[in-house]
Amino acid sequence: MPKMKTKSSAKKRFKITGTGKIKRKHAFKSHILTKKTKKRKKALTQWTLVHKADMSNVKIMLRLK
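Structural notes, computed from the coordinates. (Residues numbered from 1 in each chain as written. Predicted model: local features only at pLDDT ≥ 70, side-chain atom pairs only at ≥ 80, totals over all residues. Heavy atoms only, no water.)

**Details of the pairing of strand 2 (residues 22-25)**
Where we set the bar: The pairing criterion is simple: DSSP has to find at least two bridges between the two strands. Helix numbers and strand numbers start at the N terminus; a helix is a DSSP run of H or I with at least 4 residues, a strand a run of E with at least 2.
In this structure, strand 1 (residues 14-16) lies alongside strand 2, joined through three bridges in antiparallel fashion. Paired with Ile16 across the bridge in strand 2 is Ile22. Between the antiparallel neighbours strand 1 and strand 2 lie five residues, among them Gly20 with a positive phi of about 95°.

**A word on the nonpolar core**
This is how the line gets drawn: As used in this record, nonpolar core signifies buried Ala, Val, Leu, Ile, Met, Phe, Trp, Tyr and Cys residues forming a set joined through side-chain atoms within 4.5 Å. Throughout, exposure labels follow a simple rule: accessible area from a 1.4 Å probe, protein chains only, divided by the maximum for the residue type, with under 20% read as buried, over 50% as exposed, and the rest as partly exposed. Every residue pair with non-hydrogen atoms within 4.5 Å of one another is taken to be in contact.
Ranked by size, the top nonpolar core spans seven residues in total: Ala10, Phe14, Ile22, Val50, Met55, Val58 and Leu62. Not counting residues up to four positions away in its chain, the partners in contact with Ile22 are Phe14, Lys15, Thr48, Leu49, Val50, Met55, Val58, Lys59, Leu62 and Leu64.

**Observations concerning unusual backbone geometry**
The phi torsion at Phe28 lies on the positive side, around 65°, for a residue other than glycine. Mapped onto the elements, Phe28 comes out in the loop between strand 2 and helix 2 (38-45). Here the phi dihedral of Ile32 falls at roughly 55°; this positive angle occurs in a residue that is not glycine. With respect to the helices, strands and loops of the structure, Ile32 is situated in the loop between strand 2 and helix 2. For Ile32, a relative accessible area of 48% gives the class partly exposed.

**Overview of the side chain of Lys36**
What counts, and what does not: Positive charges come from Lys and Arg, negative ones from Asp and Glu, while His and the chain ends are left out of the count. We define a salt bridge as a contact between a side-chain nitrogen of Lys or Arg and a carboxyl oxygen of Asp or Glu at a distance within 4 Å. We call two N or O atoms a polar contact when they sit within 3.5 Å, provided that within protein one can donate a hydrogen and the other can accept it, with sequence-adjacent residues counted only if both atoms are side-chain atoms.
In this structure, Lys36 sits in the loop between strand 2 and helix 2. For the buried Lys36, which has no salt bridge, the nearest side chain bearing the opposite charge is Asp54, at an N-O separation of 20 Å. Within polar-contact distance, the side chain of Lys36 engages the backbone oxygen of His31 at 3.5 Å.

**Considering the sheet that holds strand 1**
Where we set the bar: Axis geometry follows a simple rule: fit a line to the C-alpha atoms, using only the stretch in contact for helices, then measure angles between N-to-C directions, giving values from 0 to 180 degrees.
On the basis of which strands lie adjacent, the open sheet formed by three strands has the order 1-2-3 and antiparallel pairing. Either end of the sheet is taken by a strand with one partner, and the two such strands are strand 1 and strand 3 (47-49). Taking each pair of neighbouring strands and ignoring which way they run, the sheet shows an average axis angle of 35°. Across three bridges, strand 2 lies against strand 3 in antiparallel orientation. Across the sheet, residue Lys25 finds its bridge partner in strand 3, namely Trp47.

Following this line, the structure appears as C-alpha cells:
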C-alpha cells in the first residue's frame, strides 16, 4: 500500500494550532488594494479559524482524518 500523501495546496494554506484547531489566512488581500480601507486591509492580514462546516474537508486534505 503506498503512503497517504498530504495535498500540497492544503499544506501551504493551513496550520494546526496547539489545541488541534486549523488556522487559515483571509482572502482578497493580493491586489486591487487602493479601494479597500486601511482598517479592512489590516483585518485581512490576520489569521482566523476554519469554519466548522469546512473542518472535515480540510482534515481530509491534510490527512488528519
